[in-house]
Amino acid sequence: MRTCWESFEAYAFRALGREFGERLLPRGLDITFCDQVFLIGSGLIWNVYFAAVAIAIGFGLAVAVAMARFSENPWLSRAAAMFIFVFRGSPLFIQFFFFYSAFVLLPRSGIDIPLGFITLTVDTSALTTAQVGGVLVLVLNTTAYSAELFYGALQSIPKGDLEAADAYGMRGWTKFRRVIFPNMLRLSWPSYTNEAIFLTHSTTLVFLSAFPARQQVGEAFYYARYFVDQTFNPFVAYPLVAAYFVALTLLIVGGYGLVGRHLNRHLPQRSRARFRFRPQYIR
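For clarity, every value in this text was computed on a predicted model and none was experimentally measured.

Chemist: Sorry if this is basic, but what is going on with unusual backbone geometry here?
Modeler: Most of the time, phi is negative for any residue but glycine, and the peptide bond is trans. One non-glycine residue, glutamine 215, adopts positive backbone phi at about 55°. Relative to the elements of secondary structure, glutamine 215 occurs in the loop between helix H8 (205-209) and helix H9 (220-231). Residues other than glycine seldom take positive phi values, yet phenylalanine 232 does so here, at roughly 60°. Relative to the elements of secondary structure, phenylalanine 232 occurs in the loop between H9 and helix H10 (234-263).

Next comes the structure, spelled out in structure tokens:
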């Protein structure tokens, strides 16, 4: 039996690759509680990576899609509405399966894109990995949900604020940067916080659905399932995953709460919208 310190050295960063810990995962009677704590904790690194990258990229795309949806151009508005409808109307689990199957069908040698006198070859093999393809699916999904939240906020911006901006002579980018965008964020932030929480929880579907774990490198739930298969005891590994995600959720709530208070710093104390944790259990 190894000590907890030995388990930490062997598995604390094992999810990053075999070169960061033991080459083989523990098996059978050799599995200790500390092994499960540190290996599942190391898998959480990938959950954080999936969520952070998807939120960072999806936020910018969601703002663009929401503005397109809010546009007076009917073609632009309908295209954005269709994108939102498709990704909000289909289960995330199915989206993982669909995109992985589509990525597998792409040519292994890559896709050649002619650019004048040169030809750019895009490597498509990376799309079948969870680190790239799985993140892409999460980005598209959170873009659709976040865009709908931002679109609703755009419709709720007080007309008085827009009229005041027009009276000051603000137009175009200046009006968007100083009036529309801050109001959109302020109004949608509590709901967007819940979206960030749900997206973080959804990262457990990356390896569960379709994208394979290469060299036994996976996220927290991947290792939890592994331990359950080895020990036939679900009452240790699964509660550990739940505990890790509860802690991660508290960090998200705290961080987003600070941003929310900053966005509402100009309002009287009683007028500030309070964050309420209302998770969506079914999409």
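Now that the structure has been shown, the text picks up again.
Chemist: What is the right way to look at helix H3 (residues 74-89) in this model?
Modeler: Note that an α-helix has 3.6 residues per turn; residues three or four places apart therefore point the same way. End to end, H3 covers 21 Å across 16 residues, agreeing with the expected 22 Å (1.5 Å per residue, within 8%). Turning to H3, the residues buried within the fold contact helix H2 (33-70), helix H4 (92-105) and helix H5 (130-156). Between the side-chain oxygen of the N-cap and the backbone nitrogen of tryptophan 75 there are 3.0 Å, and the N-cap of H3 in question is asparagine 73.

Chemist: Is there a simple way to think about the layout of surface pockets in this case?
Modeler: In this approach the atoms are scanned with a rolling probe the size of a water molecule, which exposes any empty space left behind. When its volume is computed, the second largest pocket comes out at roughly 230 Å³. Taken together, Asp161, Met170, Arg178, Val179, Pro182, Asn183, Arg186, His262, Leu263, Arg265 and His266 make up the full set of residues lining the second largest pocket. Within the residue set of the lining of the second largest pocket, elements represented by two or more residues are helix H7 (172-202) and H10. When residues in the lining of the second largest pocket are grouped by element, the largest group, five residues, is from H7. When the residues that make up the lining of the second largest pocket are grouped by side-chain class, the tally is four nonpolar, three polar and four charged.

Each value, and the rule that gives it
- Residues numbered from 1 in each chain as written.
- Predicted model: local features only at pLDDT ≥ 70, side-chain atom pairs only at ≥ 80, totals over all residues.
- Heavy atoms only, no water.
- Helix = DSSP H or I, 4+ residues; strand = E, 2+ residues; numbered from the N terminus.
- Expected span 1.5 Å × (residues − 1).
- Contact = heavy atoms within 4.5 Å.
- Polar contact = N/O pair within 3.5 Å; in protein donor to acceptor, adjacent residues only side chain to side chain.
- 1 Å grid on protein atoms, 1.4 Å probe; cavity = no way out; pocket = protein on both sides within 12 Å on 5 of 7 lines; lining within 4 Å.
- Points joined across faces, edges and corners; volume = space filled by probe spheres on them.
- Nonpolar A, V, L, I, M, F, W, Y, C, P; charged D, E, K, R; others polar.

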